[in-house]
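This is what each chain is made of:
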Amino acid sequence: TWHLKKIPQIVRERTFSLDSPKFEAKTKLELNSVCGIECQRKLPVPSLSELKNLLSYETVFENGTRTLTEVNVLGAVPDPAANTTTRRPLRKKRQIYGTDSRFSIYDKRFMTNFPFNTAVKISTGCSGILVSPKHVLTAAHCLHNGKDYVKGSKRLRVGLMKTKSRGNGRKRKGTSDGLPSFQWTRVKSTHIPKGWFKGVSGDIALDYDYAVLELKRPHKRKYMELGISPTIKMMPGSMIHFSGFDNDRSGQLVYRFCSISEESNDLFYQYCDAEPGSTGSGIYLRLKEPNKKKWKRKIIAVYSGHQWVDINGQQQDYNVAVRITPLKYAQICFWIHGNDGNCTQG
């Protein structure tokens, strides 16, 4: 069941103008040298002043201007989630584990309907998910490398799926049945938490690998609601789902599901089969609504991609996702609504 949680408040304190970004960073869909499982285990709980710094955020607008917004955090409580759960044996170094268990979605009845129609393509090569009539949730590293914005983010666009039409009953030249084409929409503004930037965190902080894009024009599609990420024990079969546009299956929407192997307060470690291109996808669960028989899907994490870490002197790899904690829920909700009034319960 989805459990209601009281959400901390993110309150805007001051907004400053910054110099325009250079937009010179290279897009890197696989990250290296980040804080892994053992490192996460040792991280102290951030103080209130540290949280205020980490959750302050940059906004980049379509015309290239940039602002920094400082925030205050009210009612924050440490996340009670256990830092780790069971360990799995070492895996081979790759992103497809054993038999490839991904599904390419060809049938347009599925592709253009919920939940698959919430998946979007980001022009920098990543995926994302619709979270409101005009907002998309994705991974921060699809837009920023920790020091500068990536080249392609200066004229950022989001591709919403549509199926290719035959036209007068005949197949048009150069189109394929069952493959999506995209209706591209410009991005009006981009929000990235300050915790993602190297100057703040010392190195790339995977915990803050999320961003929200505001579209220039609203869409009329069904979108996915945000949810607070439960612990593994509270998930049926500890099973998660996500859809994105993997690079090795060009032009296809790819769906997968798997169980989570380990968790920390901010991250899920799992072996869902994935390839670059699917990073930034919204990971969701299907749980029952409180006091109802109705099931509901909600986004509980953002897929960050494939990682390598040293564990006991050996390299281990995994696919990792950033959990939507109560604090991150408060921030993303604040970005979507522009105030905290609609974000008190998650």
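Here, every reference points to the structure presented above.
The structure reproduced in this document is the subject of the present report.

About the criteria used
- Residues numbered from 1 in each chain as written.
- Predicted model: local features only at pLDDT ≥ 70, side-chain atom pairs only at ≥ 80, totals over all residues.
- Heavy atoms only, no water.
- Phe/Tyr/Trp six-rings, centres within 6.5 Å; stacked < 30°, edge-to-face > 60°.
- Helix = DSSP H or I, 4+ residues; strand = E, 2+ residues; numbered from the N terminus.
- Buried < 20%, exposed > 50% of the residue type's maximum accessible area, 1.4 Å probe, protein only.
- Lys NZ or Arg CZ within 6 Å of the ring centre and 35° of its normal.
- Pairing = 2+ DSSP bridges.
- Salt bridge = Lys/Arg side-chain N within 4 Å of Asp/Glu carboxyl O.
- Expected span 1.5 Å × (residues − 1).

1. Let's talk about the packing of aromatic side chains
Here is step 1: Scanning all chains against the criterion turns up nine aromatic pairs.
Here is step 2: Ring centres 5.9 Å apart and planes at 50° place the aromatic pair Phe 23 and Tyr 149 in the tilted group. Taken as a pair, Phe 23 in the loop between strand E1 (9–18) and helix H1 (37–42) and Tyr 149 in the loop between strand E7 (135–138) and strand E8 (157–163) lie far apart in primary sequence, 126 residues in all.
Here is step 3: We classify Phe 23 as buried; its relative accessible area is 8%.
Here is step 4: By relative accessible area, Tyr 149 is classed as buried at 2%.
Here is step 5: A ring pair is formed by Tyr 255 and Phe 257, whose centres lie 6.0 Å apart and whose planes are at 40°; its orientation type is tilted.
Here is step 6: Aromatic rings pair up to connect Tyr 57, Tyr 208, Tyr 210, Phe 334 and Trp 335 into one cluster.
Here is step 7: In this structure, Arg 157 packs its charged tip against the face of Trp 184, placed 4.8 Å from the ring centre.

2. Overview of the pairing of strand E14 (residues 267–270)
Here is step 1: Of the two faces of E14, the one carrying Leu 267 and Tyr 269 and the one carrying Phe 268 and Gln 270 are both buried.
Here is step 2: Note: strand E13 (residues 253–263) against E14, three bridges, orientation antiparallel. Residue pairing for E14: Glu 262 is matched across the bridge by Tyr 269.
Here is step 3: The turn joining E13 and E14, which pair antiparallel and follow one another in sequence, is formed by three residues.

3. A few points about the environment of Asp 207
Here is step 1: Note on placement: Asp 207 falls in the loop between helix H4 (198–201) and strand E10 (211–215).
Here is step 2: C-alpha of Asp 207 to C-alpha of Lys 328: the two residues are 121 residues apart in sequence and 9.7 Å apart in space.

4. Focus on the pattern of salt bridges
One side chain can pair with another of opposite charge once the charged atoms of both are near each other.
Here is step 1: Applying the stated criterion to the full structure yields ten salt bridges.
Here is step 2: Where Lys 134 meets Glu 214, a salt bridge forms, and the shortest distance between an N and an O atom there is 3.5 Å. Note that Lys 134 is positioned in the loop between strand E6 (127–132) and E7 and Glu 214 in strand E10, a separation of 80 residues in sequence.
Here is step 3: You can call Glu 214 buried: its relative accessible area is 14%.
Here is step 4: The salt bridge involving Lys 328 is made with Asp 266; its shortest N-O contact spans 2.7 Å. On the criterion of sequence distance, the pair formed by Lys 328 in helix H5 (residues 326–337) and Asp 266 in the loop between E13 and E14 is long-range, its members being 62 residues apart.
Here is step 5: When salt bridges that share partners are traced, they join Glu 62, Arg 186 and Lys 216 into one network.

5. Points about H5
Here is step 1: Counted at 1.5 Å a residue, the expected span for H5 with its twelve residues is 16 Å, and the 16 Å between its end C-alpha atoms agrees.
Here is step 2: Taken together, the buried positions of H5 are occupied by Pro 326, Leu 327, Lys 328, Tyr 329, Ala 330, Gln 331, Ile 332, Cys 333, Phe 334, Trp 335 and Ile 336.
Here is step 3: Positive backbone phi, at 80°, marks Gly 338, one or two positions downstream of H5.

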